[in-house]
Amino acid sequence: MDSEKRDFLYDLADFCYSSMNCCAIESEKATGQVNDIITILLDDATRVSAISKETLEAISSMREIINNLAAEGDRDAANDLAKALSQTAAEDEEMRLFVSPIMEALQFQDRIAQNMNNFSKMLRTWIEKREELEGSSEFSEVDKIDFGERLLACTTMMEEREIIRTYIDNLKEEETAQSDVMFF
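Definitions and cut-offs
Residues numbered from 1 in each chain as written. Predicted model: local features only at pLDDT ≥ 70, side-chain atom pairs only at ≥ 80, totals over all residues. Heavy atoms only, no water. Patch = residues over 30% accessible without salt bridge, like charges linked within 9 Å, V, L, I, M, F, W, Y side chains within 5 Å. Areas by Shrake-Rupley, 256 points an atom, 1.4 Å probe, with all protein chains shown as cover. Salt bridge = Lys/Arg side-chain N within 4 Å of Asp/Glu carboxyl O. Lys, Arg positive; Asp, Glu negative; His and termini not counted. Charge placed at Lys NZ, Arg CZ, Asp CG, Glu CD. Helix = DSSP H or I, 4+ residues; strand = E, 2+ residues; numbered from the N terminus. Buried < 20%, exposed > 50% of the residue type's maximum accessible area, 1.4 Å probe, protein only. Core = buried A, V, L, I, M, F, W, Y, C linked by side-chain atoms within 4.5 Å. Contact = heavy atoms within 4.5 Å. Arc of directions from axis to C-beta. pLDDT = per-residue confidence, 0-100. Polar contact = N/O pair within 3.5 Å; in protein donor to acceptor, adjacent residues only side chain to side chain.

Residues Asp2, Glu4, Asp7, Asp11 and Glu134 make up a contiguous surface patch of negative charge. Along the chain, Glu134 falls in the loop between helix 6 (93–132) and helix 7 (141–153). Since its relative accessible area comes to 41%, Glu134 is described here as partly exposed.

Listed below in structure tokens is the structure:
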């Protein structure tokens with residue numbers, strides 16, 4: 001592959017990565033919205049007076065976790081938030097009804113961010129494979145399987161792996177395939 005074509009493909013990959021990063025930033029606004037909801041809850045004196053001290057402490061803890069999450073985009077902080085939300089929901093029925101939609105929004109945001117990140121990795125993998133095959137007259141079954149295995153290595157979710165397996169036969173079966181999506 002000539003250098004001009006390779007540069008174009010890498011520029012395309014960079015453009016896709018930048019575009020998806022922009023989308024990830026937009027999807028992370030849900031975290032800010034969660035923080036706003038928790039602030040409203042803490043500031044609502046009528047509602048707060050009906051909530052147990054333990055629940056209030058858990059909500060305050062969530063607020064701190066969200067502030068760290070928003071500042072750093074840390075998946076560990078997001079997982080801590082999920083645990084705190086689950087514990088709070090378990091303590092109070094009203095809180096469970098309140099927390100469930102928040103958990104769903106955070107799950108959605110996490111899945112989207114992972115999908116976009118994985119797509120960027122797959123695009124670079126495709127470019128690398130094209131470079132390797134430059135000058136070759138055929139795309140053999142071995143090449144196809146190698147490409148599929150590399151794509152599988154870029155994934156974090158079972159659904160992504162199933163899509164790859166739909167289009168590329170004879171890929172190694174996974175021993176214990178687990179998704180790496182927070183909250184699941």
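A few words now on the nonpolar core. Residues Met122, Phe147, Leu151, Leu152, Cys154, Ile164, Ile168 and Leu171 constitute the largest nonpolar core, which totals eight residues. Looking at which element gives the most residues to this core, the answer is helix 7, with three residues. Apart from the residues within four sequence positions on either side, Leu151 is in contact with Met122, Thr125, Ile164 and Ile168. Among the nonpolar cores identified, the runner-up in size contains seven residues, and Leu9, Ala13, Cys16 and Met20 belong to it.

Let us now look at a nonpolar patch on the surface. A cluster of nonpolar side chains, Phe8, Leu12 and Phe15, forms an exposed patch at the surface whose accessible area comes to about 320 Å². Its location among the elements puts Leu12 in helix 1 (residues 3–27).

Attention shifts here to helix 8 (residues 158–167). Those residues of helix 8 that sit buried are Glu160, Arg161, Ile164 and Arg165. Down the axis of helix 8, the sector holding all buried residues measures 135 degrees, keeping them to one side. Pointing more than 90 degrees away from the buried face of helix 8 are the exposed residues Ile163, Thr166 and Tyr167.

Time to look at the pattern of salt bridges. Opposite charge on two side chains lets them pair, provided their charged atoms get close. Applying the stated criterion across every chain yields a total of six salt bridges. Linking Lys129 and Asp143 is a salt bridge whose minimum nitrogen-to-oxygen distance equals 3.9 Å. Taken together, the residues span a long stretch of sequence, with Lys129 in helix 6 and Asp143 in helix 7 at a distance of 14 residues. With respect to burial, Lys129 and Asp143 carry one shared label: buried.

For the chain, per-residue confidence averages 74 on the pLDDT scale, and residues scoring 70 or more make up 64% of the total. Taking the mean pLDDT of every element in the chain, the minimum, 54, falls on helix 3 (residues 45–49) and the maximum, 92, on helix 7.

Mapped onto the fold, Asp146 is located in helix 7. Separated by 25 residues in the primary sequence, Asp146 and Leu171 have C-alpha atoms spaced 8.5 Å apart. Apart from the residues lying within four places of it in its own chain, the contact partners of Asp146 are Lys129 and Glu132.

Moving on, we get to the side chain of Glu160. Tracing the backbone shows Glu160 in helix 8. For the buried Glu160, no salt bridge is present, and the opposite-charge side chain at shortest range is Arg161, 5.6 Å distant. Within the structure, Glu160 has its side chain in polar contact with the side chain of Asn115 (distance 2.9 Å). Side-chain polar atoms of Glu160 contact the backbone nitrogen of Thr156, separated by 3.0 Å. Those residues in contact with Glu160 that lie beyond four places of it in its chain are Gln114, Asn115, Asn118 and Thr155.

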